[in-house]
Structures are given as structure tokens and as C-alpha cells.
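Survey of secondary and tertiary structure
So you can see what is in the structure, the chains are spelled out below.
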Amino acid sequence: DTSAGLSDVVNMGEITANTVEVHGKNIRFLNAANVHTTASPVVLHTDTANGGYAHIGYRGTVPTNYKVNPTTTNPAGVSPEYYQLVKDKTELDAINTTNLAGNYMLENDIDLGGAAHTPIGGNAHGAFTGKFDGNFFRIENIKVSGVDNAGLFGVLNGASIYNVGVVGGSVTSNTTSG
């Protein structure tokens, strides 16, 4: 049976197998480098017709050995969405100057320890138009002040934010609409 499952699948660990085939509505792999197969590609069956997705986290080079919903008439299937991993404040801050249209995924909880955070998108930067999957991790002890568009994100335009928690800290905007 090649129909997609109705539940979510999240891989946070390491997989070593001859082949890897996963069925689920929403599929997230934390790090593509932790999936080792002797046969390529990794095949993911997800319910993309009903909002399901496949998010693959990576460091370095974007992986090429993943296929989503391949069929005999379309063996390439559709492309999964690849997400650059973010592990600390430095990588979080770099989103503003690297690629505001990129896809990003948290690799772990990030404790900002009350250090100043520049919102992603807006203020001195363009709007964030990419995708951000928190992968059920949290940004902790955020401190934002002295900007018009205050928060973890400042200005969004068509962006998608998934599965992220913001816990503790303080956010103060220069305006009443930020």
C-alpha cells in the first residue's frame, strides 16, 4: 500500500538501513546527514494533496537523495522541502543577512539568555518571506526592544511559521502596532 498515513512522523535521531521508506501526513527529518542508506533515494509518502508536507533539515550542502510520492508515471515524485538547520543565536541572527526567503528549521531549543534579539524581517531588513519550522523546539529568554516591529519575527510577507514556541523574556515595541 503506497497511500500516505494520517499521522505525523518526526525523526530526531539516526537511521541506518538498506532502504528507507516513510508514510505519514506530515514528515520531518531533523538532519538528513543522520539517515544512512545503501540504496537511494529515501522515499517519503505524504498527503500533499491535503496539506501534508515533507521537511528535511540539513547542514552544508542541500541533500539530493529524497523523493516524495514517486509513482510509476512520475518516478521523481515531488521535491521535499529542504530546511537549513539553526542551532544557536548566531545562526538565528544570520537569517536577516543570509536569505530572508529561505527555509529554516530549529535543531534544538535556543536559549538567548536575555541577550538582545533583532527580529527576523523588518526594521533595517526586508520582510521575511521564507519558511521557519521550529520542529517543536523553543526560543527561550528573548529580549527585543528599541524597534518598531518587535518579536521573534518583525515583518512577514507570505511567510510560513510552524511548530515553534517562544518562552520567557520581554518584547517591547517602539510603536503600538509592532
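Okay, so let's go over this structure. Since this is a predicted model, take the numbers as computed values, not measurements. (Residues numbered from 1 in each chain as written. Predicted model: local features only at pLDDT ≥ 70, side-chain atom pairs only at ≥ 80, totals over all residues. Heavy atoms only, no water.)

Right, let's talk about the packing of aromatic side chains for a bit. Counted according to the given criterion, the structure contains six aromatic pairs. Considering the side-chain rings of Phe29 and Tyr66, the 6.0 Å spacing of their centres and the 90 degrees angle between planes classify their relative orientation as edge-to-face. Taken together, the residues span a long stretch of sequence, with Phe29 in strand β4 (residues 26–29) and Tyr66 in strand β8 (residues 66–68) at a distance of 37 residues. According to the relative accessible area criterion, Tyr66 is buried, its value standing at 5%. On the basis of an interplanar angle of 80 degrees and a centroid distance of 6.3 Å, the ring pair of Tyr66 and Tyr82 is categorised as edge-to-face. Of this pair, Tyr66 sits in strand β8 while Tyr82 is found in strand β9 (residues 81–86), placing the two residues 16 residues apart along the sequence. Neither Tyr66 nor Tyr82 differs from the other in exposure class; each is buried. In textbook terms, an aromatic cluster arises when at least three aromatic residues are bridged by ring pairs, as seen for Tyr104, Phe128, Phe132 and Phe153. (Phe/Tyr/Trp six-rings, centres within 6.5 Å; stacked < 30°, edge-to-face > 60°. Helix = DSSP H or I, 4+ residues; strand = E, 2+ residues; numbered from the N terminus. Buried < 20%, exposed > 50% of the residue type's maximum accessible area, 1.4 Å probe, protein only.)

This part covers unusual backbone geometry. Of note, the amide linkage connecting Ser40 to Pro41 takes the cis form, showing an omega dihedral of 5 degrees. Structurally, the position occupied by Pro41 is in the loop between β5 (35–37) and β6 (42–45). Even without glycine at this site, Asn123 takes up a positive phi of about 55 degrees. With respect to the secondary-structure elements, Asn123 resides in the loop between β11 (110–111) and β12 (131–133). Even without glycine at this site, Asn135 takes up a positive phi of about 55 degrees. Tracing the sequence through the fold places Asn135 in the loop between β12 and β13 (138–147). Overall, the relative accessible area of 2% leaves Asn135 in the buried class.

Our next topic: the pattern of salt bridges. Counted by the stated rule, this structure contains five salt bridges. With its nearest N and O atoms 2.9 Å apart, the salt bridge here joins Glu81 to Lys131. Of this pair, Glu81 sits in strand β9 while Lys131 sits in strand β12, and the two are 50 residues apart along the sequence. Each of Arg59, Glu91 and Glu107 takes part in one network of salt bridges that share partners. (Salt bridge = Lys/Arg side-chain N within 4 Å of Asp/Glu carboxyl O.)

Mapped onto the elements, Gly146 comes out in strand β13. For Gly146, a relative accessible area of 54% puts it in the exposed group. Here the alpha-carbon distance between Gly146 and Leu100, two residues 46 residues apart in the chain, equals 21 Å. With sequence-adjacent residues up to four places away left out, Gly146 is seen in contact with Thr172 and Asn174. (Contact = heavy atoms within 4.5 Å.)

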